[in-house]
Amino acid sequence: MKSMKVSIITCTYNSAATVADTIRSVNRQTYDNIEHIIVDGLSKDDTIAIVKANAGDRQRIIEGKDKGIYDAFNKGILAATGDIVGVLIPTISLPMIMS
């Protein structure tokens, strides 16, 4: 039986202080069928450089101007290919709950 794919959406804007921990928390998950979509609203700090430095096979990055957090989440939802879609805010780390 094929496992369900989980899409996790993280929206960032000037999140350099927290985004690396967010990415690491997704990458620590033992469940293997996860995609992590990071939607950045053209951050003016080092967010994108940090995302690119920490991104792995699970991460997909969408960069572009948006009309706010809800517009950014909608972009992520439209890009998601998972059976389950969740949102992870960059100031929160995902506990080891998926196994």
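Below: a short report on this structure. (Residues numbered from 1 in each chain as written. Predicted model: local features only at pLDDT ≥ 70, side-chain atom pairs only at ≥ 80, totals over all residues. Heavy atoms only, no water.)

## Quick notes on the side chain of Asp-66
Then, number 1: Of note, Asp-66 is situated in the loop between strand E3 (59–63) and helix H3 (69–79).
Then, number 2: One buried charged residue, Asp-66, forms no salt bridge at all, with the nearest opposite charge on Lys-75 at 5.2 Å.
Then, number 3: With sequence-adjacent residues up to four places away left out, Asp-66 is seen in contact with Gly-41, Asp-71, Ala-72 and Lys-75. (Helix = DSSP H or I, 4+ residues; strand = E, 2+ residues; numbered from the N terminus. Buried < 20%, exposed > 50% of the residue type's maximum accessible area, 1.4 Å probe, protein only. Lys, Arg positive; Asp, Glu negative; His and termini not counted. Salt bridge = Lys/Arg side-chain N within 4 Å of Asp/Glu carboxyl O. Contact = heavy atoms within 4.5 Å.)

## Digging into the environment of Tyr-13
Then, number 1: Assignment of secondary structure puts Tyr-13 in the loop between strand E1 (6–12) and helix H1 (19–27).
Then, number 2: Beyond its immediate stretch of four places on either side in the chain, Tyr-13 contacts Asp-40, Gly-41, Leu-42, Ser-43 and Lys-44.

## What to know about unusual backbone geometry
Then, number 1: With a phi close to 55 degrees, Asn-14 is a non-glycine residue in the positive phi region.
Then, number 2: The topology assignment puts Asn-14 in the loop between E1 and H1.
Then, number 3: Phi is positive for Leu-42, which is not a glycine, with a value near 65 degrees.
Then, number 4: Among the structural elements, Leu-42 can be located in the loop between strand E2 (34–40) and helix H2 (47–54).
Then, number 5: A relative accessible area of 45% places Leu-42 in the partly exposed class.

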